[in-house]
Amino acid sequence: MRRRSFLLGAGTAAIAGAAAGYWRSRIVETTPQVHYPGMQAGHALRDGASWPQPASVRRHGVAILGAGVAGLSCAWKLAREGHTDFIVVQGPEFGGNAAGGRRDGLDYPLGAHYLPLPSLASSHVREMLADFGVIQRGAGEERPYYDEAVLAHSPQERLLRDGRWEDGLLPMTGLPEADVAQHRRFLALIERLRGATGSDGRKLFCIPLALSSRDPAWRALDAITFKQWLQREGYTSPALHWYLDYCCRDDYGARYDVVSAWAGLHYFASRDGHAANAAEGAVLTWPGGLSVLAASLRDAVTRKLGHDRWLVAGAAVRVQDTPAGPLVTCLAPGPAASAYSVQTRRTVCAMPLFVAQRILPDIRAYGYDPAVHASSHAPWMVSNFVMDGYPAEAPGEPLSWDNVVYGGRALGYVVSTHQLLRVAPSPRSVFSAYHALSGQTPRAAREWLASASPEALRDEAAADLIAAYGKAFWRNARALEITVRGHAMASPLCGYLSNAGLAALREVDGPVLFAHADLSGYSVFEEAAWWGVVAAGRILGQAPPTA
């Protein structure tokens, strides 16, 4: 019973339907609310703003700077191991790329919306999911048993192609047999690579990336793009090229003609998690996306410590070296400019590296030179359309959890209420549209995002939805919230595996530590959580796993 939500009573639904009838008959393009989390603080750091003198000093053994997945994972690991003398300085947005929103009783993601089933190698994620009750038994087994409420329900994926919705995202119908044969050959290769090991005995492609094989014959793929590799291997099908380009834009925020071929294969071959109660390829999702996991990390720490004072409002703007350890200056929240200091023995920079480089005295002292080693960061828009009812569908597959337009400008949209099992569609929902602006350089895209009007952002956000439903879509879209992330995620371009600066930061073990998905060169929950757990392990005197 707890998995089900029921429709409004017949009388209430009838009244609501009558009231909404007039509005559904009109096409009105809603005015969006636009949010730029972290932009103001980030630009102030970039421009060398001056900060108020701290009015107070706090003293803690450890300060974790940033309450994204990495920072929260670090705190979770410390608390789980019995370490209590730490705080997390939240930063400009709780959860970061795992943030979520809520409107009129509906939850929706402001960032990532799903988590693939973690493999055995991602033991840190499995421990978390078991702690939260998502894995109900067998966390250390090949096929754990998951809470069925968070396994993505069917239908999961569909693709709009030639005016009709098809099952799945890789086109297979209506194509020349030679193209279908290429698709099958690629899928068979990925299946072999999932279990393959390199000359060093490690899995070729692993999550966390740090545990992947260092076999030079395979690492050489990092020197060419994914598109070049496909052409070299005789893959010429336009539909396959579209699909793989879509996957790179979706997971990495960049096109397949700039993404490393190693990273392109890693996207598929590293995903080998299984479940005792779900089909192959299943994913975990929630109406609010991964914000549920961020909240679960927070709640687990609070339960373990017995209080919530470990999570402190504010944003770190400066770290100074002192004989007593790092001294962190933090801006306090609120309209009045005020600051406080945190004196620590160890500080974890759980923030993007383009921010960390601004608050440290000189990040080059750790072997990382931003002018040489900085990764390309992809700009994104996550746009949540609050829906009153549903627009008319094209023929074919029914509305699914993930809905993608073949050749679309954006990355399709996710239906937030898909996980709420009902005997009929819920009367209201949220369509969460994702858009990595990979059609131009990241800098040009950021400049456009910063200067575009709300109406221009709305038109870009709705591109795939209009392609799917036409202008009639606006009869059902009652409100729109757009979240602009100018530096949403690091993109693994050619050469990222051999980035000496990232390699140096991954090994830092001193008064200042680093913990962020940027250390892996691309942004997913498992990598961010890994570096948070590794940083906590170093504080606890534990060596990170190497195999």
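Reference entry: report on the structure contained in this document. (Residues numbered from 1 in each chain as written. Predicted model: local features only at pLDDT ≥ 70, side-chain atom pairs only at ≥ 80, totals over all residues. Heavy atoms only, no water.)

1. Some words on the overall build of the protein chain
For the protein chain, the helix and strand inventory stands at 17 helices and 21 strands. In terms of overall size, the protein chain behaves like a compact globule, its C-alpha atoms giving a radius of gyration of 23 Å where 547 residues would be expected to give roughly 24 Å. When its C-alpha atoms are laid out on the principal axes, the protein chain stretches across 70 × 60 × 50 Å. A separation of at least 24 residues holds for 73% of the contacts in the protein chain among residues at least 6 apart in sequence. Each charge class in the protein chain was averaged separately, 52 positive and 50 negative side chains, and the resulting centres sit 4 Å apart. (Helix = DSSP H or I, 4+ residues; strand = E, 2+ residues; numbered from the N terminus. Rg over C-alpha atoms; globule rule 2.2 N^0.38 Å. Contact = heavy atoms within 4.5 Å. Lys, Arg positive; Asp, Glu negative; His and termini not counted. Charge placed at Lys NZ, Arg CZ, Asp CG, Glu CD.)

2. A few points about the pairing of strand β16 (residues 376-388)
Of all the 13 residues making up β16, 12 are buried; the element is thus mostly covered by neighbouring parts of the structure. Pairing geometry for β16 and strand β20 (residues 477-491), over 11 bridges, is antiparallel. Counted as the bridge partner of Ser383 is Ile482 from β20. (Buried < 20%, exposed > 50% of the residue type's maximum accessible area, 1.4 Å probe, protein only. Pairing = 2+ DSSP bridges.)

3. Concerning helix α5 (residues 177-194)
Across its 18 residues, α5 extends 26 Å between first and last C-alpha, which sits within 8% of the 26 Å expected from 1.5 Å per residue. Of all the positions in α5, only Asp179, Val180, Gln182, His183, Phe186, Leu189, Ile190 and Leu193 are classed as buried. Buried positions along α5 lie against α6 (216-219), α7 (226-232), α8 (238-252) and α9 (261-269). (Expected span 1.5 Å × (residues − 1).)

4. Notes on the nonpolar core
Counting 83 residues, the largest nonpolar core has Ile64, Leu65, Phe86, Leu284, Val348 and Phe514 as the members making the most contacts within it. Sort the elements by how many residues they give to this core and helix α17 (residues 525-539) lands first, with 10 residues. For this core, the two domains that each supply at least three residues are domain 1 (56-97 + 117-137 + 292-375 + 497-546) and domain 2 (181-275). With residues near it in sequence (within four places) discarded, Phe514 still touches Cys349, Leu353, Leu360, Ile363, Tyr366, Leu505, Val508, Leu519, Trp531 and Ala535. Judged by nonpolar contacts, the second largest core, of 51 residues, contains Phe205, Tyr256, Val382 and Val524. (Core = buried A, V, L, I, M, F, W, Y, C linked by side-chain atoms within 4.5 Å. Domains from an automatic or database assignment.)

5. Observations concerning the pairing of strand β13 (residues 315-320)
The side chains of a regular strand alternate, first on one face of the sheet and then on the other. Sheet topology places β13 next to strand β14 (residues 327-331); 5 bridges connect them, and they run antiparallel. If you follow Ala315 over to β14, its bridge partner there is Leu331. The antiparallel hairpin formed by β13 and β14 contains 6 residues in its connecting segment, where Gly325 sits at a positive phi of about 120 degrees.

6. Regarding the packing of helix α4 (residues 123-132) against helix α10 (residues 291-305)
Running from N to C, α4 and α10 cross one another at 70 degrees; their axes reach a closest spacing of 10 Å. Comparing the axis directions of α4 and α10 gives the class roughly perpendicular. Facing α4, whose interface residues are Met128, Leu129, Asp131 and Phe132, α10 presents Leu293, Ser296, Leu297, Ala300 and Arg303. Classifying every residue of the contact of α4 with α10 gives 6 nonpolar, 1 polar and 2 charged. (Axes fitted to C-alpha atoms, helices over the stretch in contact; angles between N-to-C directions. Parallel < 35°, antiparallel > 145°, perpendicular 65-115°, else oblique. Nonpolar A, V, L, I, M, F, W, Y, C, P; charged D, E, K, R; others polar.)

7. Notes on the sheet that holds strand β9 (residues 157-161)
Reading across the sheet, the 8 strands line up as β1-β20-β16-β19-β18-β17-β9-β10 and stay open at both edges, with mixed pairing between neighbours. Unpaired on one side and paired on the other, β1 (33-35) and β10 (164-167) mark the two borders of the sheet. Averaged over neighbouring strand pairs, the angle between their axes works out to 25 degrees when direction is ignored. Inspection of the sheet shows β9 paired to β10 by 4 bridges, in the antiparallel sense. By the bridge assignment, Leu159 is partnered in β10 with Glu166.

8. A short note on the packing of aromatic side chains
In this structure the tally under the stated criterion is 24 aromatic pairs. Taking 6.3 Å as the distance between ring centres and 45 degrees as the angle between the ring planes, the aromatic pair formed by Tyr390 and Phe431 counts as tilted. Taken together, the residues Tyr390 in the loop between β16 and β17 (402-405) and Phe431 in strand β19 (residues 428-436) connect sequence positions 41 residues apart. Since its relative accessible area comes to 26%, Tyr390 is described here as partly exposed. Exposure remark for Phe431: the relative accessible area of 0% places this residue in the buried category. Plain terms: the ring middles of Tyr413 and Tyr469 are 6.1 Å apart, the flat faces sit at 55 degrees to each other, and that makes the pair tilted. (Phe/Tyr/Trp six-rings, centres within 6.5 Å; stacked < 30°, edge-to-face > 60°.)

9. Some thoughts on the side chain of Thr417
Relative to the elements of secondary structure, Thr417 occurs in the loop between β18 (413-415) and β19. Relative accessible area serves as the criterion here: at 9%, Thr417 is assigned to the buried category. With near-sequence residues (within four places) excluded, Thr417 lies in contact with Leu106, Tyr390, Ser426, Arg428 and Ser429.

10. Thoughts on unusual backbone geometry
Note: most peptide bonds trans; most residues except glycine with negative phi. At the junction of Ser154 and Pro155, the peptide bond is cis and its omega measures out at -5 degrees in the coordinates. Checked against the element boundaries, Pro155 lands in the loop between β8 (145-146) and β9. The step from Ile207 to Pro208 runs through a cis peptide bond, and the omega angle for that step is 10 degrees. Residue placement: Pro208 occurs in the loop between α5 and α6. The phi dihedral of Asp104 is positive, around 50 degrees, even though this residue is not glycine. Residue Asp104 is classed as exposed on the basis of its relative accessible area, which comes to 57%. The phi torsion at Asp162 lies on the positive side, around 55 degrees, for a residue other than glycine. By secondary structure assignment, the location of Asp162 is in the loop between β9 and β10.

11. Brief notes about the packing of α5 against α9
Orientation of α5 relative to α9, taken along the N-to-C sense of each, is 80 degrees, at an axis distance of 9 Å. The orientation of α5 relative to α9 falls into the category roughly perpendicular. On the side of α5, the interface is formed by Phe186, Ile190, Leu193 and Arg194, while α9 contributes Leu265, Phe268 and Ala269. Residues belonging to the contact of α5 with α9 are distributed by class as follows: 6 nonpolar, no polar and 1 charged.

12. Observations concerning the side chain of His124
Looking at the element boundaries, His124 is found in helix α4. What makes His124 buried here is its relative accessible area of 5%. Among the polar contacts made by the side chain of His124, one reaches the main-chain amide nitrogen of Trp530 at a distance of 3.4 Å. Apart from the residues lying within four places of it in its own chain, the contact partners of His124 are Trp76, Pro208, Glu526, Ala529, Trp530 and Val533. (Polar contact = N/O pair within 3.5 Å; in protein donor to acceptor, adjacent residues only side chain to side chain.)

13. Quick look at the pattern of salt bridges
In this structure the tally under the stated criterion is 25 salt bridges. The salt bridge partner of Lys77 is Glu81, with a shortest N-O separation of 3.2 Å. Exposure remark for Lys77: the relative accessible area of 12% places this residue in the buried category. Of the charged contacts, one joins Arg298 and Asp299 as a salt bridge, the two residues approaching to 3.2 Å between their closest N and O atoms. Classification of Asp299 by relative accessible area gives partly exposed; the value is 33%. A cluster of three or more residues bridged by salt bridges with shared partners is formed by Glu29, Arg458, Asp459 and Lys471. (Salt bridge = Lys/Arg side-chain N within 4 Å of Asp/Glu carboxyl O.)

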